[in-house]
Each structure stands twice: as C-alpha cells, then as structure tokens.
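Chain residues, written in single-letter form:
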Amino acid sequence: MADRIADIWGARTPHAKDAPWPVRVDLHLDRGLAESDVDRWVQSACVLCSNGCGCDIAVRDGRVVGVRGRASDVVNHGRLGPKGLYGSWQWNGSDRLTRPLVRRGGVLVEADWDTAMDLVVRRSRELLDEVGPLSHGFYTSGQLFLEEYYTLGVIGKAGLGTPHMDGNTRLCTATAAAALKESFGSDGQPGSYSDVESCDAIFLFGHNMAETQTVLWARVLDRLHGPDRPVVVAVDPRRTKVAEAAVESGGVHLAPLPGTNQALMNGLVRELIAHDWVDHGYVAAHTLGYDDLAATVEPYTPEHVAGICRVDPDELRRAARIFGTSGRVLSTVLQGFYQSHQATAASCQVNNLHLLRGLIGRPGCGVLQMNGQPTAQNTREAGANGDLPGFRNWDNPEHVRELAELWNVDPLTIPHWAPPTHAMQLWRYAEQGSIRFLWISATNPAVSLPELPRIRDVLAKDDLFVVVQDGFRTETAEHADVVLPAALWGEKQGTFTNVNRTVHLSEKAVEPPGEARSDLDIFLDYARRMDFRDRDGQPLVTWSDPEGAFEAWKECSRGRLCDYTGLSYDKLRGGSGIPWPCDDEHPEGSDRLYADGVFPTHPDVCEDYGHDLLTGGTTSPERYKAQRPDGRAFLKAAEYAPPPEQPDEEYPFVCTTGRTVYHFHTRTKTGRSRQLRRAAPEPWVELSARDAAALGVTEGDLVRVESRRGRVEAPARVGRGRDGVVFVPFHYGYWDTGGDRHARAANELTATEWDPVSKQPLFKIAAVRVTRIGGGTRPAPAPTTTASAPHDPAGVPATAGEDDVREDVAPTGPPTPPPVPDRTPTVPHPASKG
Ligand SMILES: Nc1nc2c(c(=O)[nH]1)N[C@H]1C(S)=C(S)[C@@H](COP(=O)(O)OP(=O)(O)OC[C@H]3O[C@@H](n4cnc5c(=O)[nH]c(N)nc54)[C@H](O)[C@@H]3O)O[C@H]1N2
Ligand SMILES: Nc1nc2c(c(=O)[nH]1)N[C@H]1C(S)=C(S)[C@@H](COP(=O)(O)OP(=O)(O)OC[C@H]3O[C@@H](n4cnc5c(=O)[nH]c(N)nc54)[C@H](O)[C@@H]3O)O[C@H]1N2
Ligand code: SF4
Ligand SMILES: [Mo]
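From a predicted model like this one, the values you see are computed outputs, not experimental measurements. (Residues numbered from 1 in each chain as written. Chains lettered and ligands numbered in written order. Predicted model: local features only at pLDDT ≥ 70, side-chain atom pairs only at ≥ 80, totals over all residues. Heavy atoms only, no water.)

## Topic: the site of ligand 1
Condition: Nearness is judged by heavy atoms alone; a residue qualifies as near a molecule or strand once a single heavy atom is within 4 Å of it. By the criterion applied in these results, polar contacts are pairs of N or O atoms within 3.5 Å in which, for protein atoms, one can donate a hydrogen and the other can accept it, and in which residues neighboring in sequence qualify only through two side-chain atoms. Throughout, the Shrake-Rupley method with a 1.4 Å probe supplies accessible areas, and for residues the shown protein chains are the sole cover considered. A cavity here means a set of 1 Å grid points, computed over protein atoms only, where a 1.4 Å probe fits but cannot escape. A pocket is an open set with protein on both sides within 12 Å along at least 5 of 7 lines, and lining residues have an atom within 4 Å of a point. In this scheme, a molecule is assigned to a cavity or pocket if more than half of its atoms are within 2 Å of the grid points.
The full set close to ligand 1 counts 32 residues, and Thr212, Asp236, Gln335, Arg659 and His663 are the nearest of them. The contact in question runs from a nitrogen atom of ligand 1 to an N or O atom on the side chain of lysine 83, over 3.1 Å. In this structure, histidine 663 approaches ligand 1 through a main-chain N or O atom, which is 2.5 Å from a nitrogen atom. Contact with the protein chains removes 100% of the 910 Å² of surface that ligand 1 exposes when unbound. When atoms are counted within 2 Å of each cavity's grid points, the one that captures over half of ligand 1 is the second largest cavity.

Here it is in structure tokens:
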C-alpha cells in the first residue's frame, strides 16, 4: 500500500521514448473495506481537474465507498492523483444541501421545490416584463456536464435572449480559448497527451503541472526516469517541483518577475529568429504575419529581456536553444500566463514558437493551451460562456442563422449585436444595477473572484435577486435569495471533455441526498415553468434527460471542429474516453489536430475575427477577410507592456496566488476529505528566505499581507520562491472557520483588472506590503512535499498521510488502447459543411 499524500505521483513506471506508457491501476477504498466488499463499479472520470482521468466508482449499500483508475483509459492508464483518490467522493454523506432554501425575513429557510422555483420564475417573469432579457445574468461553471451547459445555453440564447452569460471559465481558461482563436482561428486543442511519450523537450509556461495535473506529471516523470529523457524548461517565479525537474533534466528554470511573461516570450521568439531556428517552408506555406512578428520582437535581446524579467540572459539563451534545436517539443501553458495582463499575447507567443519551427500536428509536437476545470472545454463548446455553441462566430450572420434554424427561432432572438458579456462585465452590470437577476451555478464567487470586498457588496445589493445552485452551503450561498440543492458527481449522468478533447461518460452511481436534483433537471424545470417556445409554438427545449441533451448537442456540433456526431453514450461505455472530432470520417476520434497544416481560419469557418493583442481592439470582418487567411495560422505579435500595478514604496512586493496539490479551489470537496484537509488545513503566506529575513519574519510567524483592496493574515512559510514575490494560496474561504472570516482568501488582495483580449482577471499580480504581526508557535500549515516546501526543512514535520492506496503495475505492459488516427485532411471548410 502507498501513502499518496507523501508520495503524490505514486510509483514510477519508466519507459523509453515512443514506447507506450505502462498501466498502473490505483485503488482507494473506505477504511476497512476490501474489493470483495464492493457491490458494483460504475464508470466515470474524475472531475477535480482538467486532466480527466478515467475511473470507476465503487458502490456499496447505495453509497460511494471508493474509486479505482481505469486501466483502459487513454488519459491515465489506470492512475489517479491525491485529489482523485481522496477528494472525489469523501464529501459524500457530509453536510450537503438536501432541500431548497429561500430567504424569509433576511434568513435562509428550507422550502419545497415548488416554492423555490415559483420564486425564481416569478422574479424572472417580472423582470422580463418590466425591463426585458438584459436584466438577466447567468454565471456558471467549468464543472457542470456538457448536457447541462448546452441546455443552459439554449435557454439563455433562444429562450430569454440575453447575452449576459459566462462561466467561471473566464477566470480559468478564457485565455486558452482566446489564444487558440487568435492563432488558429478556433478553440480546440492541437496537441495530445501522447506527445509526452514522443517529445524531446517539454516547456511548461506558468504551469505547475506537478501539483495541478498530477497524473499528467506522473506521465512526464516516467519519461524523465526512463532512457532517452526529454529536457524540461519551466517558466515560473517559484521553485516548483516542475522547476526542480527542469534543472535535474539539464534544462532551465526561468523565474521571471510576475507580470513580465510577454517580454520573456518576445525574447525567446527573437532568439529563434536570430539563430534562424525557423522552418521557412512551413512558415511560408502555413502562416501569416512573419515580418511583423520579426520586427516586433527585434528589440527584445536577451540582455534587454533579462533586465525586465530579472532573469539571467544566458539562461534565456539556453532555453531558446533547447526550443530551437530539439527534434520534437511539447509545450503546456496555464495560469502563470493566463491570469496576467498580457495573457493572450504571451500565450500566442507559445503558439508562435511552434509555428515558426513547424512543430505542430505531429507526434511529440503538441501545444497544450491547458484547461483547469474538468469541464471547462464544454462550457466553451456548448456556449455557456456566452460564445455561440459549436465554436460559432457571433459576428458571422451565417453562423447565427444555422443556430436559429436548428432551434427553430428567429435569428434576432439570439443575441449577436455585440460580443457576449464576459464575467467581469457581468458583475459590473450587477454592481451598476442593470442586471437584477443573477443565477450562479457550480461556482463560489464569494471566494474565487478578484477583490472580494467588492463582490460581497454586489451580492448583498437589495435590488439583485441571487439564485445559487450548489451541493453545499458555500460562502456565496449565504448571500442568495434562493438556494437550489444540486446533485453532484456520481449522483447524475453526463459527459465532459478534458484538455486534449477526450470525451468521457460519467454514469450515475448513487442517488443524490434528500431532494437534491441534477443541474440538468433544474434547468429543464425552469424552461418548462417559463414555457419557452420555438417559432411554431412548440417547446423550445425538446429533451428531458442527459442522453436526449447529448443527442441534441451532437446535431449542434455537426460539421464544426468539435464534431461529436460519431459519439454516443453506448460508444463511450466500457472502454476509454474518445477525443473529438469524432464523425463519419474519424469514427474513433482524433488524437491531434492540424497534421496537414490547414487551420480553421477561413472567414466562413473561424470562431472569431481576432483582436489587437496589445489593446484588445477587435478586427472587423472586412479587415479579417482582406488578410485572406484561408487555412493559414496567424503569427501574432505584441510589445511588452508593464502590469497595471507595480511594486512601489508603499506596496513593495508582488503578490501572486495559486494552488497547492491537496486542495481544489474553494475546498467544498477537498476540505471535507480527511486526508486532504490534514495535508493542508489552513492558509499560509510564502516569502523568500531573504525577504523574510529583511522583515524579521521566521517560519510560522503571523504576517499581514495588505494590498490597496484588502488583507490576509496567516502564518508565514519561509519558502524557496524568488525575492520580491509573495505567494498566497487561494483555496481558503471561511465556510469552515469561526475566525476572521475576511482575512483568509487570497482574493481579498487581488484587483478588478483583466487581459484586454481574453478578459481573464489578473490573479497573478498585485502590489502588496507585508508586516509581521506576531510570533508563531509552530511551522506554517503549508505542505512540505510541493512548491511550498520550507527553505530550511529543520524543525518542519514532513507532510504525510496513511498507507491506504493500492497501486497495481501491470506486469506485461499496457493493453494497447485502440489506435486513434491523427485528424489529417479535414479542418471544417465551407465546402464540406453538413
Ligand atoms: N491541486 C489542484 N489542482 C488543480 C486545481 C486546484 O485547485 N488544485 N485547479 C484546476 C484548475 S481550475 C486550474 S485553472 C489549474 C491551474 O493550474 P496551474 O496554472 O498550474 O496553477 P496555479 O497555481 O494557479 O499557477 C501556476 C503557476 O504560475 C506561477 N506564476 C505566478 N505568476 C506568474 C507569472 O507572472 N509568470 C509565470 N510564468 N508564472 C507565474 C505560480 O508560481 C504557479 O506555480 O489547476 C487545475 N488543477
Ligand atoms: N486568487 C486567485 N483566484 C482564483 C484563481 C487563482 O489562481 N488565484 N483561479 C481561478 C480559477 S482558474 C478558477 S477555475 C476559479 C474556481 O473558482 P470556483 O468555481 O468558485 O471554485 P470551486 O470551489 O470549484 O467552486 C465550484 C462550486 O461548484 C460546486 N459544485 C461542484 N460540482 C457541482 C455540480 O455538479 N453542480 C452544482 N450545482 N454545483 C457543483 C462546488 O460545491 C463549489 O461550491 O477560481 C479562480 N480564482
Ligand atoms: S490528475 Fe486531475 S483528473 Fe486525474 S485524478 Fe488528479 S484531480 Fe482527478
Ligand atoms: Mo481554473
């Protein structure tokens, strides 16, 4: 048995380059239970990050009692990480919401469903009559199922006709979508996880994969422990496990000052061009914009970049040489890039590095503009983030017409007179009072949005009617007018899609507690009560269960890049997840995109006409067409601009925020798991050893971190990050504490600012000051196994759990999953549209 709190990634299964990743099946059952005690195993996939590991849910006496990785799954080959093992189900049976709550005389009291839904529908109708659909806003998630998003999207766009719908995906992967649209014309991940097996170098840009996609990192570690290892390059201001591995592999750890990614990327692109590590044939045939890019990056010499980012210019040169001269390079990009002021610009430079060398669409040459949440891809595909479903372009009347026809509604009902409202604007409208009905599903904005003092004020407004749909009584639920109890993972059926487009079916294993209902049933109930109709007076929403919704979605996706028409619930049962596009031509799905160097940039197919990366100004359809992109990718460029808030005398540190391996977001699930809670029970503040010494702070002292907006008070971890940078984990709201409720969450400090293109907020940069406010009696409650390890381990007990996970390494190698062909010739093209 293994202790998977101490040993996060589990036992190594090393292998050679291009050899299949071996199977290791991880199993965790409730204390005292053996496999023979399990009544049945129910197929699913983990929803505690975007990796999408296939798993089976163990059920005994109608309760979930454990999980086991699925050996046959292409994503994880049987493995699960600490969150998947301990956090995916242990909340089961705890303090769940079991009945609707409504506000009476200022307090939330239990009610039946009719009472709660009547209130919602009455308020909705009143506002529609008085002010119209623009009074309605929907703030949803990256954690519902595809069927739920699609249903919500249809209700919002064709039922109500409001453009005010977005997901917390705006905080999460809006930049992934934006960078893919800007470079390639459409959302849709070019790469595949199987690129890990065949690459020669791996670049991780602002991505702490070791903690945030632990099973993918195990896959990387197995290469790093095998023969012919890849070289790793990490771009992260903290000394993460990824950064350590980079140094050990003979690669580079670049630790730029937060907020300087674009300068660093311009430096890397310039080095490629200066050394002519460029595939000119590929660039000429498949891209646009080379001259502009070369001219823009020209001033970014290694020395100039080093001055801005405070990195060693020779290390920058070395990193560029690794990119420029390795046979096959895999890149991943995540929040260190996405939650920043030049998020889309910097992420597009990663695409550019690949395009310049023609390293795309081939094994080992993946670009993974990562997702974070398990179902964020579906929010974006199905239109619950405001975009039109099926990666359709809101600015293309033909795309709007297709949807109007599909839904049998007047095209004018579907909002498309302006870009869809992004989440930051949605909250602004609620603050200003034009949105007066806000329906929040599967997200906890009272902890996860920036500048929490402001968010609490918005939620508390008398003229804002707030509906919260969750499985737990969260910090946000406390502000609601109506709380709807939702069924969670394992208690409902549906599908979702991970980072590399792999679609999984998650079956219902057990009944939800009390009167809790699936989100799909709640949305369908609202649609029924509102009596939304199509042009012929028939019900607008024609399905009544998950499979019906899936079938409807398939039609919507037909002919688009995210084509699901070749999938069905039955096809997803039994074996592995299947990556889209999956259609007649690719019945087994598609491992990677763009093998032929043809991109969905034709004006008739593209999802967006693009933006100026520096200002966010939109490109008009006319200007876009005049460029004649027609299947070529864009090499987009932008100068570096300093972040909006920089350290000064009053606030001398840069505060950056993020994750620890043991918790998921606001901990509604992981905070209820014994093992995970113990591993990281309370918030902390990470300081570099030198900064701590200058402040007179020693390990465990209580410190106050203050920004212009709020404060956090927590014990200090004297850590291993770069000087001048403070790190605060963002997981700790106050549902489980009686202490100072408003000095725990990182977002007390962050600012209401966003990237001009993706509109993703800047969680990674705020100017703060740090003060020691008291001595500590013990070390900070920060894990020692991760990036938050102490500078001096003496006297700090190592983070550990129990030996309670079984790992079975298959002795004879993996049962080879069905071969998945590359998607070769057909990026959807106007001529081939169904
Ligand atoms: N354990 C765990 N795993 C998760 C989640 C979780 O909550 N817990 N959440 C999931 C979700 S939704 C997401 S979005 C992903 C996020 O996954 P990641 O993006 O890997 O996680 P973060 O910790 O937010 O940020 C990554 C790194 O960015 C670095 N960074 C900060 N500022 C900068 C900067 O200016 N430049 C650069 N280059 N790097 C910077 C931080 O030091 C940090 O190590 O994780 C997913 N997986
Ligand atoms: N400072 C700072 N802030 C950040 C970030 C950061 O790095 N730093 N990261 C940002 C990112 S990337 C993300 S993704 C967000 C995450 O922020 P949130 O989405 O607010 O975080 P969660 O705790 O995952 O909230 C999801 C909620 O949905 C509920 N839930 C889970 N499953 C279901 C379901 O099936 N149905 C319903 N109805 N409810 C369900 C959970 O109980 C939980 O309350 O935080 C963002 N905020
Ligand atoms: S890597 Fe992500 S999907 Fe896989 S088990 Fe861990 S949390 Fe779940
Ligand atoms: Mo996220």
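## Things to note about the packing of aromatic side chains
Our working rule: To pair, rings of Phe, Tyr and Trp, with the six-membered ring standing in for Trp, must have centres within 6.5 Å; the planes then decide the type, stacked if under 30 degrees apart, edge-to-face if over 60, and tilted in the middle. Numbering of helices and strands runs from the N terminus; a helix is a DSSP stretch of H or I covering at least four residues, while a strand is a stretch of E covering at least two. Burial classification: accessible surface area is computed with a 1.4 Å probe over protein chains only, and a residue below 20% of its type maximum counts as buried, one above 50% as exposed, and the rest as partly exposed. A ring has a charge above it when a Lys NZ or an Arg CZ is no more than 6 Å from the ring centre and no more than 35 degrees off the ring normal.
Tallied over the full model, the rule gives 25 aromatic pairs. Relative to phenylalanine 634, the ring of tyrosine 624 has its centre 5.6 Å away and its plane inclined at 50 degrees; by these criteria the two rings are tilted. Separated by 10 residues along the polypeptide, tyrosine 624 in helix 25 (residues 621–626) and phenylalanine 634 in strand 21 (residues 633–634) bring together distant segments of the chain. Judged by relative accessible area, phenylalanine 634 falls into the buried class, the value being 6%. Clustering of aromatic rings is evident, with ring pairs tying together Phe138, Phe437, Trp439, Phe465, Phe523, Tyr526 and Phe532. Residue placement shows arginine 238 over the ring face of phenylalanine 727; its charged tip is 3.6 Å from the ring centre. Across the ring face of tryptophan 735, the terminal group of arginine 672 is positioned such that the distance to the ring centre comes to 4.0 Å.

## Details of the nonpolar core
We apply this condition: Put simply, a nonpolar core is a bunch of buried Ala, Val, Leu, Ile, Met, Phe, Trp, Tyr and Cys residues held in one set by side-chain atoms that sit within 4.5 Å of each other. Should any heavy atoms of two residues lie within 4.5 Å, those residues are considered in contact.
Core analysis: the largest hydrophobic core is formed by 178 residues, its most contacted members being Phe205, Trp217, Leu356, Trp439 and Tyr526. Take this core: its biggest share by element is 8 residues, from helix 3 (residues 146–160). Discounting chain neighbours no more than four positions away, the residues touching tryptophan 439 are Val120, Gly137, Phe138, Tyr139, Val467, Gln469, Leu484, Ile522, Phe523 and Tyr526. Listed in part, the 27 residues of the second largest apolar core include Ala423, Leu438, Leu452 and Val466.

## Overview of empty space enclosed by the protein
Convention followed: Grid points are joined across faces, edges and corners, and a volume is the space filled by probe spheres set on the points. All amino acids are sorted into three groups, where Ala, Val, Leu, Ile, Met, Phe, Trp, Tyr, Cys and Pro are nonpolar, Asp, Glu, Lys and Arg are charged, and the leftover types, Gly among them, are polar. Domain limits in this description derive from either an automatic procedure or a database domain assignment.
The final tally for this structure, using the stated rule, is 8 cavities of 30 Å³ or more. Around the largest cavity, the lining comprises 37 residues; the ones closest to its centre are Gln143, Gln373, Ala442, Phe664 and His665. Along the lines of polarity and charge, the residues of the lining of the largest cavity split into 15 nonpolar, 15 polar and 7 charged. Both domains that furnish three or more residues to the lining of the largest cavity are identified here as domain 1 (101–173 + 375–562) and domain 3 (653–801). The space that makes up the second largest cavity amounts to roughly 480 Å³. As for the second largest cavity, its lining consists of 37 residues, of which Gly206, Gln335, Gly336, Arg659 and Lys764 are closest to the centre. Of all the elements in the fold, those that place two or more residues in the lining of the second largest cavity are helix 7 (209–212), helix 15 (335–338) and strand 22 (653–658).

## Re unusual backbone geometry
A negative phi holds for most residues other than glycine; trans holds for most peptide bonds. Between tryptophan 580 and the following residue, proline 581, the backbone shows a cis peptide bond with an omega angle of -5 degrees. With a phi angle near 55 degrees, alanine 442 is a residue other than glycine that sits in the positive phi range. As for its placement among the helices and strands, alanine 442 is situated in the loop between strand 15 (437–441) and helix 20 (445–448).

## Observations regarding the sheet that holds strand 7 (residues 136–140)
Quick note on the threshold: Note on pairing: DSSP must find at least two bridges between two strands before they are called paired. Inter-axis angles, ranging from 0 to 180 degrees, are taken between N-to-C directions of lines fitted to C-alpha atoms, where helices are fitted over the stretch in contact.
Spatial ordering of the open sheet is given by 6-5-17-16-15-7-8, a layout of 7 strands whose pairing is mixed. Whereas interior strands pair on both sides, the edge strands pair on one side only; in this sheet they are strand 6 (107–110) and strand 8 (165–167). This sheet shows a mean twist of 20 degrees between the axes of neighbouring strands, independent of strand direction. As paired strands, strand 5 (residues 101–104) and strand 6 are joined by 4 bridges and run antiparallel to one another. Residue pairing for strand 6: valine 102 is matched across the bridge by valine 109.

## Some thoughts on the UniProt feature "domain: 4Fe-4S Mo/W bis-MGD-type" (unreviewed entry) in the chain
Put simply, the rule is: UniProt positions are given in the numbering used here, feature names are shortened, and annotations may be inferred rather than shown by experiment.
In this structure's numbering, the residues bearing the UniProt feature "domain: 4Fe-4S Mo/W bis-MGD-type" (unreviewed entry) are residues 39–95. Helix makes up 11% of residues 39–95 and strand makes up 35%, while its end C-alpha atoms are separated by 25 Å.

## A word on the pattern of salt bridges
Any two side chains of opposite charge can pair, given that their charged atoms come close. Quick note on the threshold: Salt bridge, as applied in this entry: a Lys or Arg side-chain nitrogen positioned within 4 Å of an Asp or Glu carboxyl oxygen.
Tallied over the full model, the rule gives 75 salt bridges. As a salt-bridge pair, glutamate 807 and arginine 4 come within 3.1 Å of each other at their nearest N and O atoms. Taken together, the residues span a long stretch of sequence, with glutamate 807 in strand 28 (residues 806–809) and arginine 4 in the segment before strand 1 (24–29) at a distance of 803 residues. Between arginine 677 and aspartate 736 there is a salt bridge whose closest N-O contact spans 3.1 Å. Residue arginine 677 is found in helix 26 (residues 674–679), and its partner aspartate 736 is found in the loop between strand 26 (725–729) and strand 27 (766–774); the two are separated by 59 residues along the sequence. A relative accessible area of 27% places arginine 677 in the partly exposed class.

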